[in-house]
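A structural walkthrough
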Amino acid sequence: MRMTKHPCTLSFSGRPLVMGIINCTPDSFFPSSRAAVIEDAVEKARAMIKQGADILDIGGESSRPGSDYISEEEELLRVVPAVEAIRKFSHIPVSIDTRKADVARQALLAGADIINDISALEDDESLGSVVAAAGAWIVLMHKRGQPDSMQENPSYKDPLIEINNELAAAVDRAKSAGIPADKIILDPGIGFGKRHIDNLLILQKTSFFKKAGYPVLIGHSRKSFLEKITGRQVTERLAGSIAAGVLAQIHGADILRVHDVAETRDAILVTDAISGGI
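One structure accompanies this document, and this report is about it.

1. With respect to the pattern of salt bridges
If the charged atoms of two oppositely charged side chains come close together, the side chains can form a pair. This model, assessed by the stated rule, comprises 17 salt bridges. For the salt bridge of glutamate 61 with lysine 100, the shortest nitrogen-to-oxygen distance reads 2.9 Å. You can see glutamate 61 sitting in the loop between β2 (55-59) and α2 (72-87) and its partner lysine 100 sitting in the loop between β3 (94-97) and α3 (101-110), a full 39 residues away along the chain. Overall, the relative accessible area of 8% leaves glutamate 61 in the buried class. According to the relative accessible area criterion, lysine 100 is buried, its value standing at 9%. Two residues, aspartate 123 and arginine 99, come together in a salt bridge whose shortest N-O distance is 3.1 Å.

2. Thoughts on the packing of aromatic side chains
Counted by the stated rule, this structure contains 2 aromatic pairs. Note on phenylalanine 12 and tryptophan 137: the rings are 6.0 Å apart at their centroids and 70° apart in plane angle, and the pair reads as edge-to-face. Remark: tryptophan 137 occurs in strand β5 (residues 137-141) and phenylalanine 12 occurs in the segment before β1 (17-23); sequence separation between them is 125 residues. Both rings, one in phenylalanine 208 and one in phenylalanine 209, keep their centres 5.7 Å apart while their planes meet at 90°; by these two values the pair is edge-to-face. Summarising the burial analysis for this pair, phenylalanine 208 and phenylalanine 209 share the class buried. Stacked on the ring of phenylalanine 89, the Lys or Arg arginine 46 has its end atom at 3.9 Å from the ring centre.

3. Details of the environment of alanine 82
Along the polypeptide, alanine 82 turns up in helix α2. Sequence separation of alanine 82 and alanine 35 is 47 residues, and the distance between their C-alpha atoms is 9.7 Å. Once residues lying within four places of it in the same chain are set aside, the contact partners of alanine 82 are Cys24, Ile38, Ala41 and Ile58.

Scoring rules and cut-offs
Sequence order as written defines the numbering, with residues in each chain counted from 1. In keeping with the predicted nature of the model, local features appear solely for residues at pLDDT of at least 70, side-chain atom pairs appear and are counted solely at 80 or more, and the whole-chain, interface and lining totals rest on all residues. Side-chain calculation: all heavy atoms of the structure are included, whereas hydrogens and water are not. Salt bridge, as used here: a side-chain nitrogen of Lys or Arg that lies within 4 Å of a carboxyl oxygen of Asp or Glu. Strands are runs of DSSP state E lasting at least two residues, helices are runs of H or I lasting at least four, and both sets are numbered from the N terminus onward. Note on classification: 1.4 Å probe, protein chains only; a residue is buried when its accessible area is under 20% of the maximum for its type, exposed when over 50%, partly exposed between these limits. Here a pair means two rings of Phe, Tyr or Trp (six-membered ring of Trp) with centres within 6.5 Å. Their orientation is stacked below 30 degrees between planes, edge-to-face above 60, and tilted elsewhere. In our convention, an over-ring charge means Lys NZ or Arg CZ found within 6 Å of a ring centre and within 35 degrees of that ring's normal. Whether two residues are in contact is decided by their heavy atoms: any pair within 4.5 Å suffices.

Written out as structure tokens, the structure is:
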């Protein structure tokens, strides 16, 4: 089947874009993000669009620490019908959180615009050519190891330099596959093979990752590093997530990937209004 070119336009000239998370999974780390059936995914999508989401990020395979791969068939059954259902009522940019080429291909045919690959084109060498053929966007995320073991003993000598260099290698992979530079987004990968100090450094130094000239996505929402700071469980981490997001915004984040769209959007607007007046 001939791949349809995707005309999706994303603007990074103003406030950060809000990417709302919809997990079509039974085991993602934040229970409220899960959409067990298509009707749940549609309900969440409608709510997030109403709350001001700029992008929806749909995932069919959990990548929480300790998680395993699921089959391609299962991931397709979770993701593609959700995209098709959303496309019946909205043209909002849709991102698919996958590291499998055929899942990406089928989701793009169904109407997705962005592929969010936590492996940064390392896990499936044909994924880059699928994205390139569709003219789609790609998010290249940094991680060390695989989700089932990545948090067992992460180690860095100079985390910012090492993460940045490994993202640069990912950019080279994307370009070699035919993905143009203006369709590439970088994610330093909070919580993916990172120590606590590494997560804090990413938020302190978000602007460091922008030096390469690509938009930067920050995925901090309700993650376990916030528990280390506040002692709060995942259901109680909204305030911590908002604080981390505001700091990422101040330091140059272009996209905030979050579970709580309305609250994040309000925080972004207030931060933008205040900082713009200084």
